[in-house]
Amino acid sequence: MLSFHQAVEDDFAAVNALIIKQLHSQVALVENIGHYIVDAGGKRLRPLLVLLIARALGCKNARHIDMAAIVEFIHTATLLHDDVVDVSALRRGRVTANAQWGNAPSVLVGDFLYSRAFQMLVTLGDMQIMSVMADTTNTIAEGEVLQLVNAGDASTNEERYRRVIACKTAKLFEAAAECGALIGGADKETCIELARYGHHIGMAFQLIDDMLDYNGSSTEMGKNIGDDLAEGKPTLPLIYTLQFGDADEAELIRHAINEKSAAEMPRIIEIVQNNGALQYTEQAAIREVESALACLDSLPASRYRDELVALAHFSVTRRF
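Residues numbered from 1 in each chain as written. Predicted model: local features only at pLDDT ≥ 70, side-chain atom pairs only at ≥ 80, totals over all residues. Heavy atoms only, no water.

1. Overview of the packing of helix α2 (residues 9-22) against helix α5 (residues 63-86)
Look at α2 against α5: their axes get within 9 Å of each other, and the N-to-C directions meet at 60°. Taken together, α2 and α5 sit at an angle that is classed as oblique. Both α2 and α5 take part in a crossing whose hand is right-handed. Taking contact as the criterion, the partners of Asp11, Ala14, Val15, Leu18, Ile19 and Gln22 in α2 are, on α5, His64, Ile65, Asp66, Ala68, Ala69, Glu72 and Phe73. (Axes fitted to C-alpha atoms, helices over the stretch in contact; angles between N-to-C directions. Helix = DSSP H or I, 4+ residues; strand = E, 2+ residues; numbered from the N terminus. Parallel < 35°, antiparallel > 145°, perpendicular 65-115°, else oblique. Left-handed = near helix turned anticlockwise from the far one by under 90°. Contact = heavy atoms within 4.5 Å.)

2. Regarding the side chain of Thr169
Along the polypeptide, Thr169 turns up in helix α9 (residues 158-183). Apart from the residues lying within four places of it in its own chain, the contact partners of Thr169 are Arg46, Val164, Gly202, Phe205 and Gln206.

3. Some words on the packing of α5 against helix α8 (residues 127-150)
For the pair α5 and α8, interaxial distance at closest approach is 12 Å and the crossing angle is 15°. Taken together, the axes of α5 and α8 lie roughly parallel to each other. Remark: the crossing between α5 and α8 carries right-handed chirality. From α5, Arg63, Met67, Val71, Ile74, Thr78, Asp82, Val85 and Asp86 reach across to α8, where they touch Ile129, Met133, Thr137, Ile140, Glu144, Gln147 and Leu148.

4. Some details on unusual backbone geometry
Of note in this structure, Arg44 is not a glycine but carries a positive phi near 50°. Within the element layout of this structure, Arg44 appears in the loop between α3 (28-39) and α4 (45-56). For Arg44, a relative accessible area of 13% corresponds to the buried category. Here Lys260, not a glycine, exhibits a phi torsion of approximately 50°, which is positive. Looking at the element boundaries, Lys260 is found in the loop between α14 (247-259) and α15 (265-274). (Buried < 20%, exposed > 50% of the residue type's maximum accessible area, 1.4 Å probe, protein only.)

5. Here's the deal with the pattern of salt bridges
In the structure shown here, the tally under the stated rule is 16 salt bridges. Between Glu72 and Arg44 there is a salt bridge, with the nearest N and O atoms lying 3.0 Å from each other. With Glu72 in helix α5 and Arg44 in the loop between α3 and α4, this residue pair connects regions lying 28 residues apart in the sequence. Each member of the pair, Glu72 as well as Arg44, carries the same accessibility label: buried. Salt-bridge contacts for Asp209 lead to Arg318; the nearest nitrogen and oxygen are separated by 3.2 Å. Residue Asp209 is found in helix α10 (residues 188-212), and its partner Arg318 is found in the segment after α17 (303-317); the two are separated by 109 residues along the sequence. Under the relative-accessibility criterion, Asp209 is labelled buried at 17%. One network of salt bridges, in which partners are shared, links Glu158, Arg162 and Glu288. (Salt bridge = Lys/Arg side-chain N within 4 Å of Asp/Glu carboxyl O.)

6. Re the environment of Ala285
Locating Ala285 in the fold gives a position in helix α16 (residues 277-294). Overall, the relative accessible area of 0% leaves Ala285 in the buried class. Separated by 30 residues in sequence, Ala285 and Ser315 have C-alpha atoms that sit 8.3 Å apart.

7. Details of the packing of aromatic side chains
In the structure shown here, the tally under the stated rule is 5 aromatic pairs. An angle of 40° between the planes, with centres 5.5 Å apart, marks the rings of Phe173 and Phe205 as tilted. A residue pair is termed long-range when its members are at least 10 positions apart, and Phe173 in helix α9 and Phe205 in helix α10 qualify at 32 residues. The burial state of Phe173 is the same as that of Phe205; both residues are buried. (Phe/Tyr/Trp six-rings, centres within 6.5 Å; stacked < 30°, edge-to-face > 60°.)

8. Some thoughts on the environment of Arg46
Along the chain, the position of Arg46 falls in helix α4. The buried category is assigned to Arg46, whose relative accessible area is 10%. C-alpha of Arg46 to C-alpha of Leu80: the two residues are 34 residues apart in sequence and 16 Å apart in space. Ignoring any residue separated from it by four or fewer positions in sequence, one finds Arg46 in contact with Val71, His75, Thr169, Leu172, Phe173, Ala176 and Phe205.

9. Observations regarding the side chain of Asp82
Its location among the elements puts Asp82 in helix α5. With a relative accessible area of 8%, Asp82 lands in the buried category. Excluding residues that lie within four positions of it along the chain, Asp82 makes contacts with Arg91, Glu144 and Lys168.

10. Focus: the nonpolar core
Grouped together as the largest cluster of nonpolar side chains are 102 residues, with contacts concentrated most on Met67, Ile129, Met133, Tyr197 and Tyr214. Among the elements that line this core, the one with the most residues is α9, at 12 residues. Not counting residues up to four positions away in its chain, the partners in contact with Tyr214 are Leu229, Thr235, Pro237, Leu238, Met265, Ile268, Ile269, Val272, Gln273 and Leu278. (Core = buried A, V, L, I, M, F, W, Y, C linked by side-chain atoms within 4.5 Å.)

Such coordinate-based values are descriptive only and should not be taken to indicate function.
Dropping the structure here:
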């Protein structure tokens with residue numbers, strides 16, 4: 001267990017217990033699929049943001065527990081839908097739900113988790129938080145569609161790529177941080193700064209994820225290396241190579257993206273590892289972390305603040 005998980009260990013136990021309780025359904029298949037993907041674990045960074053920020057602001061009630069579970073349900077729903085759209089077969093080192101049960105059950109259980117999250121939001125009874133989460137789920141959906149539009153399009157530039165990851169990944173980090181601040185009773189300016197912290201952490205997280213697709217291992221990452229290329233996703237290492245690689249390298253990658261083919265994956269990995277693309281992507285992530293850390297100035301000194309700093313650094317040093 002990482003230090004920032006240990007800092008809120010009891011809260012995490014309460015979140016996990018609440019998740020199990022809220023997964024209850026009269027339909028057995030809903031519970032089976034829900035438990036399957038939730039039990040797969042993962043780093044749970046989004047609910048962690050809720051817990052650490054709420055605690056850093058002195059939260060004394062249990063509302064942060066509910067909010068963390070809500071965020072995890074929404075994240076889990078997006079995973080179920082993502083794996084269907086991407087035709088993924090492996091996540092977190094296990095067969096995906098869609099590969100095991102089929103696309104239709106996975107999509108419908110994703111819908112169940114979305115709706116359960118909003119049932120819990122209603123119970124929480126905070127219109128400001130509900131507004132944040134409603135906007136967030138809408139933005140995530142837009143990001144998914146935008147990524148679909150960009151798939152197979154080798155003309156995608158860095159600006160379009162960043163817009164996708166801001167919507168698809170960073171938005172839920174941002175919402176988790178903002179809702180943790182709202183539950184902690186922060187003033188408007190602090191809420192804005194902590195939302196920015198979450199945004200920058202989410203951007204860094206995705207940038208490193210895309211770097212590791214060309215510099216990691218399937219075992220450590222729990223997914224098949226090369227999946228993004230097979231889906232025609234023009235991520236930053238490829239965009240950099242298209243812009244700065246030599247003509248033959250650029251043409252090879254352009255063809256792979258346009259054809260959604262990972263047939264030349266070993267050669268493409270060699271190219272992006274040798275032309276500075278991975279260093280460029282990592283430096284972009286480091287800049288996001290520096291921006292994130294600057295947003296923590298409004299928080300008082302505490303163990304929880306220290307762990308938010310550690311979490312920021314982890315987002316770029318991780319290799320899984």
